Amino acid sequence: EEDEDKEGEEGEGEDADFLSQGGGMSLQDMKRMRSDRTANSIVETLRNLVGDPIEKILAVIYMIRSDVQVMVRSEANTVWKALVDNTPALLRRILPRLTRMLQASLASGECDRRQVAGRALGDLVGKLGEAVLPTLIPELQNGLESDEVAVRHGVTLGFTELLQAASRSQLQGHADALVPAILKGICDEDEAVRETAAYAFDQLFKGVGGNCVEDVVMQLVRKLESDDEDVKETGLSGLTQIIAVRPKVVLGLIIPKMCKQDLFSETYARALTQIANVSGDVMTFYIPQLLPVLVVSMGHDLDYMEHVKAATISLISILDDESLPMAVSEIKTSIQSANAAVRRGGAALVGCMCGNIDEDVDFEETIPTLIQNTVRLFDDKEESVRVEAVSAMKAITDSLSKEDQLELLSTVHSAIMVSATSVGVGGAKKIAAFAKPKALDPVLPYYIKTFTSGTPEAKEIAARGLGELIELTPSDQLGKYIPTMIGPLLRIINEKMPPTSRQAILQTLCLIIENGGIMLKAFLPQLQSTYVKAINDDQSGTRVDGLKGLRMLLNKHEPRVDSILSELNNQLKTQRIPNIMAALMRGITLLLVKKGAKVSETVASTVAGNIASLCISEERHFRIAAGKCIRALSSVTSSDFDEAVEEVLEEISSGKKPTGLSGVAGLLQVCAQKLSSGHVSQLVGACLPTLKMDDPDCLLALRALQKAAEFHPESMPFDVAQKCSKFTNVILNDASQHGTRLDRVALAMLASLAKNMPKALSADIGKIIAGLLQKVTAKGDPTYSAKLSTCFHHIQENCDLVALKVPKVHITNIKQHAADQAAKAAEETELEEEQALYDYENR
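Residues numbered from 1 in each chain as written. Predicted model: local features only at pLDDT ≥ 70, side-chain atom pairs only at ≥ 80, totals over all residues. Heavy atoms only, no water.

### Thoughts on the overall build of the chain
- Across its full length, the chain holds 43 helices and zero strands.
- Once local pairs closer than 6 in sequence are excluded, the contacts in the chain between residues at least 24 apart make up 71%. (Helix = DSSP H or I, 4+ residues; strand = E, 2+ residues; numbered from the N terminus. Contact = heavy atoms within 4.5 Å.)

Here it is, written out as structure tokens:
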């Protein structure tokens, strides 16, 4: 038995020995003492036997009647009953001593001793009730002033037992004293004291009801609003403790007070963070009240924003399957708000939600909704909203596994396209959020993951989507993402996949080339090889995309042109499919036109030797491609085309007239500077025998001669030009030929002669003009009308119509036609300007 008085330790030992051995008194002696019914006489008798410490001995006996061991309790009860007949009267006599001993035991470091003291205190209050409370409560209150934590902890434990044992009426009568005491314990600096005081508060609530709870809570709230940080911390700790034991009642008092203000204060934000962690499921009932205020608070630039977000995360962490829809509904409502602060706060709420939802909550079905609502803010008119939306989307992406990202690509891309078509500040083709650095970080992983792990169909969707994403992003923000984008595309393009998938990748690569800038330098060899392979593909769509990509590569960058040209030429040598060969020649032509000055003579000569013989073909589009290629080569190489001329002439002489005549046309058109006068004369002479209306190949012959008149007038004999003039006159005045291919070639021939050899028209000029004027009155397509106008223009400019005695009426009609065409052109120009102005005003 420990006691605060050290002086009586020897006496207590003797008293204990006296009790254990009977002190010379038998049980019969004790019973005889009970014949005197007064407690005072019992105490006096015992004092005469053992001295003053008898009150201490009786207090100890009373306490150990509540011992944790059954045998100890039984022996103590036997001794107590033998000594005491009127327990209440004796307890009142020894109450001061018993109270001090109870306090000392309650403050003990031994758990069993504290439990014994607590039970004894409860038994004391139960037996004496109102008789001991006025004395006991002040004694316990004094204990709360102690500097020793153990003492204060024991006192709060005593209050808990007292409150459990007291009746409702007794508690109500002493509430004015109990409430401050409990409040002091709740605000104690020691956590164990606060925790025990919280349980005492729970017992007080059971006995007294809500009035005392409101007093305690409001006093704690006032502490929260104090300017003193220590007081704030004390109040917050107290609130946390009582919420842990009575969450529903306490939250019902403080949550409405928190939500009264438009913005959460720093104090309330910090308080909510701790309160949410201890309130459990009860807090979910207050989510509809708290979230709107938190959303608005996160939409402002507060100095204590980290505390507001911490409070929001604490609230999010307690969501369950039933309360999650409330949070999602708040997000949707906030993002659709007309208030920019609310929209920003809604995006911030999304960011707080991701990664902080309990694992047992079914959150996956909510993610598509969050993505759609977040991405729609990417083109918001307020920059702060856009920045918050990008941050929220980054949080969503970081919270997802790679497999989830693969499944959500279509959701992300459709949300981006919806944002791009909505009214915003990014324009029809740009999203405003993407104008900031790192804005693509949240969305790009969905596309890249699909490239590495998706099906061929998914890869096609990802490639087209990435192309649209590039178009929506300012080029100055794409630089750092180029390696991330282009690497996977170049790796997968050679995989086995549908043609449409390969075409989608080629188109996206073309966009990357257009916007990639200097970051593409390391990838140029792979890109040029990729596009050469595409030009050699058996799918026409792939070949077209290959040519487009090669054109973009040549326009935007400086690839190794000799390497590309050699690769194209090697493919052309081994290829036997005309359409693919034509595409390869178009690629060669494109490269020579764009970068011909950088092509070496050696490579150009090699290519020229391979292509010169290809201008002879029965396929018109193949001949055109070969001709254009030869023309481009003629400007970059000093090689002549003697071999090609000899081959063409051999084709005509051997009976392959259509092929040969087509070759003549091609050579005359594309090799103007490389063909000698002798070559031109030979080629023209080969065409003349076929220039007859009854010859089925007269169209080919006239086209070849027209090329000679257009590109080699100085080498074309005058008599040949006159023959061409007469043949053209026959065609133009033949109504059955109007609008035919032969008629159109005849117009081209007439224009070439009028421009370069007008004297050749002198003999037939009147008939030619008459035939042309008849065609003016006939209806024709715009292209045909343009050819007629060209003929009239060259005739009027280069032929002396008066000297050639052309009828005045024809001259007048020609001038009128020219005036009409000029007026029509002016009218079309005016209409175009009006349309442009209208479009501008609409924009």
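### A short note on the side chain of Thr411
- Mapped onto the elements, Thr411 comes out in helix 24 (residues 409-421).
- Ignoring anything within four residues of it in the chain, the contact list for Thr411 reads Pro368, Ile371 and Gln372.

### Section: helix 7 (residues 111-128)
- Helix length check: helix 7 (18 residues) gives 26 Å between terminal C-alpha atoms against 26 Å at 1.5 Å per residue, within 8%.
- Within helix 7, burial applies to Arg113, Arg114, Val116, Ala117, Gly118, Ala120, Leu121, Gly122, Leu124, Val125 and Leu128.
- In this structure, the buried side of helix 7 is in contact with helix 4 (54-64), helix 6 (87-106), helix 8 (133-143) and helix 9 (149-165). (Expected span 1.5 Å × (residues − 1). Buried < 20%, exposed > 50% of the residue type's maximum accessible area, 1.4 Å probe, protein only.)

### Here we look at unusual backbone geometry
- With a phi angle near 65 degrees, Lys438 is a residue other than glycine that sits in the positive phi range.
- Secondary-structure assignment places Lys438 in the loop between helix 24 and helix 25 (444-453).
- For Lys438, a relative accessible area of 54% puts it in the exposed group.

### Overview of the nonpolar core
- In terms of nonpolar packing, the biggest core is built from 173 residues, with Met283 and Leu527 touching the most fellow members.
- Ignoring any residue separated from it by four or fewer positions in sequence, one finds Leu527 in contact with Ile486, Leu490, Leu509, Ile513, Leu520 and Leu553.
- If you look at the next biggest cluster of nonpolar residues, it comprises 43 residues, including Ala704, Leu705, Met749 and Cys791. (Core = buried A, V, L, I, M, F, W, Y, C linked by side-chain atoms within 4.5 Å.)

### Focus: the packing of helix 26 (residues 456-471) against helix 28 (residues 499-516)
- Put simply, helix 26 and helix 28 touch, their axes get as near as 8 Å, and they point 25 degrees apart. If you check the angle between helix 26 and helix 28, you find them roughly parallel. At the point where helix 26 passes helix 28, the crossing takes the left-handed sense. Packed against helix 26, whose contacting residues are Pro456, Glu460, Ala463, Arg464, Leu466, Gly467, Ile470 and Glu471, the element helix 28 presents Thr500, Ser501, Ala504, Ile505, Gln507, Thr508, Leu511, Ile512 and Asn515 at the interface.
- Looking at the contact of helix 26 with helix 28 residue by residue, the class counts come to eight nonpolar, six polar and three charged. (Axes fitted to C-alpha atoms, helices over the stretch in contact; angles between N-to-C directions. Parallel < 35°, antiparallel > 145°, perpendicular 65-115°, else oblique. Left-handed = near helix turned anticlockwise from the far one by under 90°. Nonpolar A, V, L, I, M, F, W, Y, C, P; charged D, E, K, R; others polar.)

### Quick look at a negative patch on the surface
- On the surface, Asp321, Glu322, Asp358, Glu359, Asp360, Asp362, Glu364, Glu365, Glu403 and Glu407 cluster together to form a negatively charged patch.
- When you line up the elements, Glu365 lands in the loop between helix 20 (340-353) and helix 21 (367-375).
- With relative accessibility at 65%, the residue Glu365 sits in the exposed group. (Patch = residues over 30% accessible without salt bridge, like charges linked within 9 Å, V, L, I, M, F, W, Y side chains within 5 Å. Areas by Shrake-Rupley, 256 points an atom, 1.4 Å probe, with all protein chains shown as cover. Salt bridge = Lys/Arg side-chain N within 4 Å of Asp/Glu carboxyl O. Lys, Arg positive; Asp, Glu negative; His and termini not counted. Charge placed at Lys NZ, Arg CZ, Asp CG, Glu CD.)

### Observations concerning the side chain of Lys595
- As for its position among the elements, Lys595 is in helix 32 (residues 578-595).
- Separated by 2.9 Å, the side chains of Lys595 and Glu558 make a polar contact.
- Apart from the residues within four sequence positions on either side, Lys595 is in contact with Leu554, His557, Glu558 and Val561. (Polar contact = N/O pair within 3.5 Å; in protein donor to acceptor, adjacent residues only side chain to side chain.)

### Considerations on helix 4
- With 10 of 11 residues buried, helix 4 is to be regarded as a mostly interior element.
- Looking only at helix 4, the buried set comprises Ile54, Glu55, Lys56, Ile57, Leu58, Ala59, Val60, Ile61, Tyr62 and Met63.

### A short note on the pattern of salt bridges
- Within the structure shown, the criterion is met by 14 salt bridges.
- A salt bridge links Glu388 to Arg344, with the nearest nitrogen and oxygen atoms 3.8 Å apart. You can see Glu388 sitting in helix 22 (residues 383-399) and its partner Arg344 sitting in helix 20, a full 44 residues away along the chain.
- We classify Glu388 as buried; its relative accessible area is 11%.
- On the basis of relative accessibility, which here comes to 13%, the residue Arg344 falls in the buried class.
- Notably, a salt bridge pairs Asp398 with Lys394, separated by 2.9 Å at the nearest N-O pair. Of the two residues, Asp398 and Lys394 are both situated in helix 22; the distance of four residues between them amounts to about one turn of the helix.
- In this structure Asp398 comes out as exposed when scored by relative accessible area, which is 54%.
- Judged by its relative accessible area of 32%, Lys394 is partly exposed.

### Re the packing of helix 27 (residues 482-492) against helix 28
- Across the interface, helix 27 lies against helix 28 with an axial gap of 11 Å and an inter-helix angle of 150 degrees. When the interaxial angle is binned, helix 27 and helix 28 end up roughly antiparallel. Judged by the sense of rotation from one axis to the other, the crossing of helix 27 with helix 28 is left-handed. Seen from helix 27, the contacting residues are Ile482, Met485, Ile486, Leu489, Leu490 and Ile492; seen from helix 28, they are Ile505, Thr508, Leu509, Ile512 and Gly516.
- Looking at the contact of helix 27 with helix 28, its residues break down into nine nonpolar, two polar and no charged.

### Thoughts on the confidence of the model for the chain
- Averaged over all residues, the pLDDT of the chain is 78; the fraction at 70 or higher stands at 80%.
- Residue range residues 1-28 is modelled with pLDDT below 50. Its contacts to residues more than four positions away, or to other chains, number 28 contacts.
- Segment residues 423-428 is flagged for pLDDT under 50; beyond a separation of four residues in sequence, or across chains, it makes 13 contacts in the model. (pLDDT = per-residue confidence, 0-100.)

### What about the environment of Val116?
- Mapped onto the secondary structure, Val116 falls in helix 7.
- For Val116, a relative accessible area of 8% translates into the label buried.
- With residues near it in sequence (within four places) discarded, Val116 still touches Met63, Ile64, Ser66, Asp67 and Val68.

### Quick word on the environment of Glu55
- By the element assignment, Glu55 lies in helix 4.
- Residue class for Glu55 comes out buried when judged on its relative accessible area of 18%.
- Linking Glu55 and Pro96, residues 41 residues apart in sequence, is a C-alpha distance of 9.8 Å.

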